[in-house]
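A closer look at the structure
Listed below, chain by chain, are the residues.
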Amino acid sequence: SAIGREQAIEAYVLRRGEGSTDLEELTFALRWSGQTSNGLEWSAFGALQDGDDGTLEILSHAIALTLRKKLDYGHGVGVEFALAKGNDDGPNDRKRYNPVYIDQHKFNGRADIVAFSNLIDFAVMYWLDWNERWSFHIDGHSFSRQSNHDNVYLGHGVEAVTPASSSNAIGYEFDVFCEGIISDHLSLDFGGAIFSPLASLPSDDEQLSLYLQIVFNF
């Protein structure tokens with residue numbers, strides 16, 4: 001819902017259950033965004049999860065804080081901090097946040113390497129609005145595990161098993177992409193990402209991802 005002309009609040013409750021695995025999970029989330037009179041845009045997201053995952057107890061949370069500032073001549077800069085963690089006080093705690101559909105790909109880079117699960121992500125952003133339809137973006141991310149009691153959860157259901165004593169550093173990502181509006185019913189998002197893994201991952205090979213996304217609006 002909108003709060004005046006410059007602020008908006010979005011809230012939701014999502015229940016997820018799987019009888020085969022005895023998963024019973026509730027997610028309570030809130031997103032608050034707005035813009036100041038001098039062009040500073042901000043967004044705050046928070047989520048809390050509770051329930052049971054088989055024999056494990058769920059008590060996890062996630063936050064994401066974003067600041068963006070529009071500068072002269074179409075330039076802009078921003079910073080973002082995102083954290084997702086589970087309770088790790090006891091052996092029967094699920095030690096990670098389980099991302100839900102509404103925030104699965106909102107944060108954490110264009111390459112979709114890591115999941116917003118057991119993660120700390122610090123990002124810096126730059127963009128240039130060429131005109132009202134096209135913009136150019138450069139983002140940089142620093143990824144690390146929030147806790148070494150849990151493994152690194154990568155995108156697409158992949159899990160990297162690492163010793164508890166290993167480093168929490170996951171890697172760096174550098175994204176370059178363009179966003180454009182072709183017409184009232186067609187928009188484009190295309191670019192590339194370079195991911196450089198660090199000690200938490202079993203391989204130290206850099207990964208290059210290229211993508212093209214076409215969106216039709218009805």
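In this report, we go over the structure that sits alongside the text. All values derive from a computational prediction rather than experimental measurement. Residue numbers restart at each chain and count upward from 1, following the sequence in its written direction. In view of the model being predicted, local features appear only for residues whose pLDDT reaches at least 70, and side-chain atom pairs are presented and counted only at 80 or more, with totals across whole chains, interfaces and linings using the full set of residues. As a rule here, side-chain values cover all heavy atoms of the structure and leave hydrogens and water aside.

1. Focus: the pattern of salt bridges
- Salt bridges, as used here, are contacts in which a Lys or Arg side-chain nitrogen is within 4 Å of a carboxyl oxygen on Asp or Glu. The full count for this structure, using the stated rule, is nine salt bridges.
- Here Arg110 ties to Asp189 by a salt bridge, and the two come within 2.5 Å at their closest N and O atoms. Here the residue Arg110 occupies a position in the loop between strand E6 (75–86) and strand E7 (119–129), and Asp189 occupies one in strand E12 (residues 186–197), the gap between them amounting to 79 residues.
- Where salt bridges share partners, they join Arg16, Glu25, Asp53 and Arg94 into one cluster. Comment: elements are numbered from the N terminus, with helices defined as DSSP H or I runs of at least four residues and strands as E runs of at least two.

2. Quick word on the packing of aromatic side chains
- Pairing of aromatic side chains here covers Phe, Tyr and the six-membered ring of Trp, requires ring centres within 6.5 Å, and sorts the geometry by plane angle: under 30 degrees stacked, over 60 edge-to-face, intermediate tilted. Considering all chains together, one arrives at five aromatic pairs under this definition.
- Taking 5.0 Å as the distance between ring centres and 90° as the angle between the ring planes, the aromatic pair formed by Trp32 and Trp42 counts as edge-to-face. On the criterion of sequence distance, the pair formed by Trp32 in strand E3 (residues 23–35) and Trp42 in strand E4 (residues 40–53) is long-range, its members being ten residues apart.
- Criterion for a charge above a ring: Lys NZ or Arg CZ within 6 Å of the ring centre, and within 35 degrees of the ring normal. Taking NZ or CZ as reference, Arg68 lies 3.9 Å from the ring centre of Trp127, over its face.

3. What to know about the pairing of E7
- With ten bridges connecting them, E6 and E7 associate as antiparallel partners. Looking at the pairing, Leu83 lines up with Ile120 of E7.
- With ten bridges connecting them, E7 and strand E8 (residues 134–144) associate as antiparallel partners. Considered in E8, the bridge of Trp127 is made with His137. DSSP calls a pair of strands paired once it identifies at least 2 bridges connecting them.

4. Observations concerning the pairing of E12
- With twelve bridges joining them, strand E11 (residues 169–183) and E12 adopt antiparallel strand pairing. Bridged to Phe174 within E12 is Ile194.
- Taking the residues that link successive antiparallel strands as the turn, the E11-E12 hairpin has two residues.
- Examined bridge by bridge, E12 and strand E13 (residues 207–216) share ten bridges and lie antiparallel to one another. Following the sheet pairing, Phe190 is matched in E13 by Leu212.

5. Comments concerning the environment of Leu30
- Structurally, the position occupied by Leu30 is in strand E3.
- With a 1.4 Å probe rolled over the protein chains alone, any residue whose accessible area is under 20% of its type maximum counts as buried; one over 50% counts as exposed, and the rest are partly exposed. Residue Leu30 is classed as partly exposed on the basis of its relative accessible area of 43%.
- The sequence separation of Leu30 and Glu10 amounts to 20 residues, and the corresponding C-alpha distance is 5.7 Å.

6. Quick notes on a negative patch on the surface
- The grouping of Asp22, Asp50, Asp52 and Glu57 at the surface amounts to a negative patch.
- With respect to the secondary-structure elements, Asp50 resides in strand E4. The patches described consist of residues with a relative accessible area above 30% and no salt bridge, like charges being joined within 9 Å and nonpolar side chains (Val, Leu, Ile, Met, Phe, Trp, Tyr) within 5 Å. We get accessible surface area from the Shrake-Rupley algorithm with a probe of 1.4 Å; when it comes to residues, only the shown protein chains can shield them. Residues scored as charged are limited to Lys and Arg (positive) and Asp and Glu (negative), so that His and the chain ends carry no count. All charge positions are set by atom: Lys at NZ, Arg at CZ, Asp at CG, Glu at CD.

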